[in-house]
Amino acid sequence: MKIIAANEHAPIAQDQAHTVALPNDADPLALDLSQVERIDLHFPKFTDGRAFSQARLLRQRRGFQGEIRATGDVLIDQLVQMARCGFDVAVLREGVDIADAKRQFERFHAFYQGDVNQPLPHFRAAA
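(A) Examining helix α1 (residues 50-61) more closely. In this model, α1 (12 residues) spans 16 Å end to end at C-alpha, consistent with the 16 Å of a helix rising 1.5 Å per residue. Taken residue by residue, α1 has Ala 51, Phe 52, Gln 54, Ala 55, Leu 58 and Arg 59 as its buried positions. Along α1, the residues classed as buried sweep out an arc of 165° about the axis, all on the same side. Just downstream of α1 lies Gly 63, where phi reads positive at about 70°.

(B) The arrangement of unusual backbone geometry in detail. Of note, the phi angle at Gln 35 is positive, near 75°, even though the residue is not glycine. Counting through the fold element by element, Gln 35 comes out in the loop between β2 (19-22) and β3 (38-43). Residue Gln 35 is classed as exposed on the basis of its relative accessible area of 58%.

(C) Summary view of the sheet that holds strand β1 (residues 2-4). Spatially, the five strands line up as an open sheet ordered β1-β5-β4-β3-β2, and their pairing is parallel. A strand with exactly one partner marks an edge of an open sheet, and here the two such strands are β1 and β2. Across the sheet, the mean angle from the axis of one strand to that of its neighbour is 20°, orientation sign disregarded. Summarising the sheet, β1 and strand β5 (residues 89-91) pair through three bridges and their orientation is parallel. By the bridge assignment for β5, Lys 2 is matched with Val 89. Strands in contact with α1 are β2, β3 and β4 (67-72); relative to β3, the strand with the most contacts, it is inclined by about 155°.

Parameters and conventions
- Residues numbered from 1 in each chain as written.
- Predicted model: local features only at pLDDT ≥ 70, side-chain atom pairs only at ≥ 80, totals over all residues.
- Heavy atoms only, no water.
- Helix = DSSP H or I, 4+ residues; strand = E, 2+ residues; numbered from the N terminus.
- Expected span 1.5 Å × (residues − 1).
- Buried < 20%, exposed > 50% of the residue type's maximum accessible area, 1.4 Å probe, protein only.
- Arc of directions from axis to C-beta.
- Pairing = 2+ DSSP bridges.
- Axes fitted to C-alpha atoms, helices over the stretch in contact; angles between N-to-C directions.
- Contact = heavy atoms within 4.5 Å.

Here it is, written out as C-alpha cells:
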C-alpha cells in the first residue's frame, strides 16, 4: 500500500474524467466504471467504516483494477485492514508520521481469514 501525507494529496478537480470521489452513501455497485482509473473513498471520521465495504465491493464484486484511495480521517491502525479490503493508497491525516504508518505492515505477516488480496483462508491456502 502506498502511503502519502495529507499535503501531497490534491482533491479531485472537475476536469479529471478518470477519477471519481464516491460519497459514503453511494452504492459502488451502481457506479459506471468505464474509463475510471482512480476512486477516492472518504472516511469522514474514523468511526465511519462504510468506505471499507465500498472498497471490498469494488474489488470483489465489480472487479475494479484501478486505484482505490482512502481519504479523510485515516488512522495508522486502520491501514492494514484498508489494504485487506482493497485500498491501494492511503492519505494520512495531518500530523501523522509516514514512518509510523509503514511500520504497521511489519507487525502482521499473515492472516487466518481470506481477504481481497488472498481470497482463501489460511488453512485452505496452506493445504
